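Descriptive analysis of the structure
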Amino acid sequence: MSDVMSLHHPDPALDPQFYRGVLSKRALAWVIDAAIILALWLVVSTVFGLVTFGIGFLAAPVLMFLVSLSYRWATISRRSATPGMRFFGIEFRTAQGARFDSGHAFWHSLMFVLLMGSLIGWLISVIAMLGTEKSQGLPDLILGTTVINRPVDF
């Protein structure tokens, strides 16, 4: 990895290989992660509902938020990518070009989950990804982060 990479994101004009196909990979990774989150949520909601003799089923939307946030935060903290992102060979990078730590993962995940709960927030984020040269969503733009094709580490 070059010294430039350690200081900031790669420039799409100078290093287009880092961004090639990232938008479609992000979309496909989202599908995989959404399926995993849905499965986890169904298990957690069912167990919680049964343990509370049915009353816990009323908490299903809150549990969806918590499961989604926890899944994203935990997986991104470990490897700067969710399992869906790892499958497609992409990962998050901070404004300085580093992989995400727990703090970056938490704030990005929180913003992402909140935006996904709102049609307007989701649309703004999708429009941002379509309109920026680094395919950055709203949380990326706010935090100065980006998603790149995972570089080969030697």
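Model, not experiment: these values are computed from the prediction. (Residues numbered from 1 in each chain as written. Predicted model: local features only at pLDDT ≥ 70, side-chain atom pairs only at ≥ 80, totals over all residues. Heavy atoms only, no water.)

For the rest of this paragraph, the subject is the layout of surface pockets. Space inside the largest pocket adds up to approximately 440 Å³. As for the largest pocket, its lining consists of 23 residues, of which Arg26, Ala27, Trp30, Phe112 and Met129 are closest to the centre. Grouping the constituent residues of the lining of the largest pocket by class yields 15 nonpolar, 4 polar and 4 charged. Lining the second largest pocket are 13 residues; nearest its centre among them are Trp30, Ile37, Ser68, Phe112 and Met116. (1 Å grid on protein atoms, 1.4 Å probe; cavity = no way out; pocket = protein on both sides within 12 Å on 5 of 7 lines; lining within 4 Å. Points joined across faces, edges and corners; volume = space filled by probe spheres on them. Nonpolar A, V, L, I, M, F, W, Y, C, P; charged D, E, K, R; others polar.)

A few words now on the environment of Thr145. Structurally, Thr145 is set in the loop between α7 (138–143) and β2 (146–149). According to the relative accessible area criterion, Thr145 is buried, its value standing at 0%. C-alpha of Thr145 to C-alpha of Pro83: the two residues are 62 residues apart in sequence and 19 Å apart in space. Those residues in contact with Thr145, other than ones at most four positions away along the chain, are His9, Arg93, Thr94, Phe100, His104, His108, Gln136, Pro139 and Asp140. (Helix = DSSP H or I, 4+ residues; strand = E, 2+ residues; numbered from the N terminus. Buried < 20%, exposed > 50% of the residue type's maximum accessible area, 1.4 Å probe, protein only. Contact = heavy atoms within 4.5 Å.)

One can find Phe48 in helix α2 (residues 22–51). In this structure the C-alpha to C-alpha distance between Phe48 and Leu63, which are 15 residues apart in sequence, comes to 9.2 Å. Contacts of Phe48, omitting those with residues within four sequence positions, involve Gly56, Ala59 and Leu63.

Across its 15 residues, helix α5 (residues 102–116) extends 21 Å between first and last C-alpha, which sits within 8% of the 21 Å expected from 1.5 Å per residue. Residues of α5 that are buried include every one of Ala105, His108, Ser109, Leu110, Met111, Phe112, Val113 and Leu115, and no others. In this fold, the buried residues of α5 make contact with α2, α3 (60–79), β1 (90–93), α6 (119–131) and α7. Structurally, the start of α5 carries an N-cap: the backbone nitrogen of Gly103 is 3.2 Å from a side-chain oxygen of Asp101. (Expected span 1.5 Å × (residues − 1). Polar contact = N/O pair within 3.5 Å; in protein donor to acceptor, adjacent residues only side chain to side chain.)

On the surface, Leu119, Trp122, Leu123 and Ile127 cluster together into a nonpolar patch covering about 410 Å² of accessible area. The exposed category is assigned to Ile127, whose relative accessible area is 57%. (Patch = residues over 30% accessible without salt bridge, like charges linked within 9 Å, V, L, I, M, F, W, Y side chains within 5 Å. Areas by Shrake-Rupley, 256 points an atom, 1.4 Å probe, with all protein chains shown as cover. Salt bridge = Lys/Arg side-chain N within 4 Å of Asp/Glu carboxyl O.)

Before going further, it helps to examine the packing of α3 against α5. Where α3 meets α5, the closest approach of the two axes is 8 Å, and the angle between their N-to-C directions is 145°. Considering the relative orientation of α3 and α5, their crossing is right-handed. Where α3 approaches α5, its residues Phe65, Ser68, Leu69, Arg72, Trp73, Ile76 and Ser77 are matched on the opposing element by Ser102, Ala105, Phe106, His108, Ser109, Leu110, Phe112, Val113 and Leu114. Of the residues assigned to the contact of α3 with α5, the class counts are 10 nonpolar, 5 polar and 1 charged. (Axes fitted to C-alpha atoms, helices over the stretch in contact; angles between N-to-C directions. Left-handed = near helix turned anticlockwise from the far one by under 90°.)

Purely spatial values, then, with no claim about function.
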